[in-house]
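Residues per chain are reported as follows:
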Amino acid sequence: MDYSMKLQKVAVLGAAGKMGSGITLLTILEMANQMLKVENYGKTYILYAIDVSDEALRGLQKYLRSQILKVAEKKTVWLRKVYENNKNLIENEEIIHHYVNEVMSILRPGKSVEAANETYLVFEAISENMDLKTKIFYSINQNNPNQPWFLSNTSSIPIGELDKKANLQGRIIGFHFYNPPAVQKLVELISSDKTVAELKEFSLEFARNLGKKIIHSNDVAGFIGNGHFMRDSLFGINLAERISKKLSLPEAIMAVNKVSQEYLIRPMGIFQLMDYVGLDVCQLIMRVMNPHFPGENIHSKLLDLMNGQAIKGGQNSDGSQKDGFLKYEKNQPVAVYDPGAKKYIPFESILEKVISYLGEPPADLKPWKAIVNAQDKETILKEFFCGLTTLNTNGAKLALEYFNHSASIAKQLVSDKIALSEGDVNAVLMNGFYHAYGPVNSYIKD
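Residues numbered from 1 in each chain as written. Predicted model: local features only at pLDDT ≥ 70, side-chain atom pairs only at ≥ 80, totals over all residues. Heavy atoms only, no water.

**Points about the overall build of the protein chain**
Move 1: Regarding its fold elements, the protein chain presents 18 helices and eleven strands.
Move 2: Computed over its C-alpha atoms, the radius of gyration of the protein chain comes to 23 Å, within 12% of the 22 Å expected for a compact globule of 446 residues.
Move 3: Principal axes of the C-alpha set define a box for the protein chain whose edges measure 70 × 50 × 45 Å.
Move 4: Within the protein chain, residue pairs in contact and separated by at least 24 positions form 70% of the contacts whose partners lie at least 6 positions apart. (Helix = DSSP H or I, 4+ residues; strand = E, 2+ residues; numbered from the N terminus. Rg over C-alpha atoms; globule rule 2.2 N^0.38 Å. Contact = heavy atoms within 4.5 Å.)

Set out below in structure tokens:
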């Protein structure tokens, strides 16, 4: 069965979720691209969008229609060519709305997982829960006569374990999109030693057709992205706990968040990034990873405490940020949580003490936005980080410690044969996390 035929019957599990909605959008657009080819006229393409909530599925349909309309408005020249033989379509507006309706006609939203029993492909974007994933995979595999291929968006669970527990006989691959899937250019592709060759070939073609940058990760828990991010997060948490001996814990969290964003020139501080991903999600990923690395302790009591107090971060259905380590107003952090007092402490009440502790910021400190696309970015970064080594402030010392630890994580991922090269780790952090630079760089002189 060729590439296009595989896309004729597809299911997306968790289709209305944060990741699933983007995966559904990308998949239905690629299915439409195949459907509109001359050689495929008359063939039926169906995407079963499966989720647990009717309300979420209604929201998904609204989201898809609005996004498909935006795509169509940018592709009018191509669409005029596609529909050149349809004499009923004359004006661009008619062509655009006809295309939107054709793409939406592929969609079959519903709550029944059994719909996946008719498919050739199953994209999975459900909770990072091994038992839940394998239970659903096993059921579909037992009841689907087509021997479907499974493409899992898991960000941490080894593909070989999912394969073995669900008895998929190599018909599964890790296809890890980054959030949001429709925008992020990176895909982490993870094969087990049993993944069938045809599925690997399909996945590469699918990713290329979506315009994604493909990075291969070996099948080790956490892969490259979370292999770095979880350890980077734990370092930030441990650093905050360490300096909370001199500051209060909320002050320490604010200080580390400030250093990891401003001094390390990242789009978000480490605590804000954990909030964005979700503290419950971070906790789940660490639980997946921890048994696979007996020499490490990939666990945080502070994360346990936050989740135990129902402080979980993540996003609301409208995309706004939920409160986590930090409290947000209009998606901007304004306060930091004190788990001892079980309340948020406004930034303005602790900012002065945090700034005093960190010391005078570097004179050449520039925000991430000013550097990430600068033509002379490498020169700016080298001068900045070399300059940090000359400062004797707490802020500079913490930043250099954080910088070097991030690089050591990256090098360990290569040493442990999780990443194929240091360049791949750099690519994941720069493309998947929008860092201005990869963790393995020579900005600081030895």
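Once the structure has been displayed, the description carries forward.
**Quick notes on the layout of surface pockets**
Move 1: In this structure, the second largest pocket spans a volume of roughly 380 Å³.
Move 2: Where the lining of the second largest pocket is concerned, the elements lending two or more residues are helix H2 (18-35) and helix H3 (54-74).
Move 3: Broken down by element, the residue count for the lining of the second largest pocket peaks at five residues, all from H2.
Move 4: Residue classes in the lining of the second largest pocket are distributed as seven nonpolar, four polar and six charged. (1 Å grid on protein atoms, 1.4 Å probe; cavity = no way out; pocket = protein on both sides within 12 Å on 5 of 7 lines; lining within 4 Å. Points joined across faces, edges and corners; volume = space filled by probe spheres on them. Nonpolar A, V, L, I, M, F, W, Y, C, P; charged D, E, K, R; others polar.)

**Things to note about the pattern of salt bridges**
Move 1: Applying the stated criterion across every chain, the model contains nine salt bridges.
Move 2: In this structure, the salt-bridge partner of Lys-133 is Glu-124, at a minimum N-O distance of 2.3 Å.
Move 3: On the basis of relative accessibility, which here comes to 0%, the residue Lys-133 falls in the buried class.
Move 4: Glu-251 is paired through a salt bridge with Lys-353; the nearest N and O atoms lie 3.6 Å apart. Of this pair, Glu-251 sits in helix H10 (residues 249-263) while Lys-353 sits in helix H14 (residues 347-358); the two residues are 102 residues apart in sequence, bridging distant segments of the chain.
Move 5: With a relative accessible area of 9%, Glu-251 lands in the buried category.
Move 6: What you see here is one network of salt bridges that share partners, running through Glu-124, Glu-128 and Lys-133. (Salt bridge = Lys/Arg side-chain N within 4 Å of Asp/Glu carboxyl O. Buried < 20%, exposed > 50% of the residue type's maximum accessible area, 1.4 Å probe, protein only.)

**Concerning the packing of helix H9 (residues 225-243) against helix H17 (residues 394-415)**
Move 1: Running from amino to carboxyl end, H9 crosses H17 at an angle of 150°, the nearest separation of the two axes being 10 Å. In terms of axis orientation, H9 runs roughly antiparallel to H17. Of the two elements, H9 crosses H17, and the hand of that crossing is right-handed. In contact with Gly-227, His-228, Arg-231, Asp-232, Phe-235, Gly-236, Leu-239, Arg-242 and Ile-243 of H9, H17 contributes Leu-398, Glu-401, Tyr-402, His-405, Ser-406, Ile-409, Ala-410 and Leu-413.
Move 2: Residue composition of the contact of H9 with H17, by class: eight nonpolar, five polar and four charged. (Axes fitted to C-alpha atoms, helices over the stretch in contact; angles between N-to-C directions. Parallel < 35°, antiparallel > 145°, perpendicular 65-115°, else oblique. Left-handed = near helix turned anticlockwise from the far one by under 90°.)

**Here we look at the sheet that holds strand S6 (residues 172-177)**
Move 1: Sheet architecture is open: eight strands sit in the order S3-S2-S1-S4-S5-S6-S7-S8, paired in mixed fashion. Each having just a single partner strand, strand S3 (107-110) and strand S8 (213-217) make up the two edges of the open sheet. The mean angle between the axes of side-by-side strands here comes to 20°, regardless of whether they run parallel or antiparallel.
Move 2: As judged from the five bridges shared by strand S1 (residues 9-13) and strand S2 (residues 46-50), these two strands associate in the parallel manner. The residue bridging Lys-9 from the neighbouring strand is Ile-46, located in S2.
Move 3: Contacts from helix H18 (residues 422-432) reach strand S7 (186-190) and S8 within the one sheet, and its direction differs from that of S8 by about 135°. (Pairing = 2+ DSSP bridges.)

**Quick word on helix H11 (residues 270-277)**
Move 1: Counting buried positions over the eight residues of H11 gives six, a clear majority of the element.
Move 2: Within H11, burial applies to Ile-270, Phe-271, Gln-272, Leu-273, Met-274 and Asp-275.
Move 3: Looking at the buried positions of H11, the neighbouring elements they touch are H9, H10, helix H12 (279-289), strand S9 (326-329), strand S10 (332-338) and H17.
Move 4: Of the residues flanking the end of H11, it is Gly-278, one or two places downstream, whose phi is positive at about 115°.

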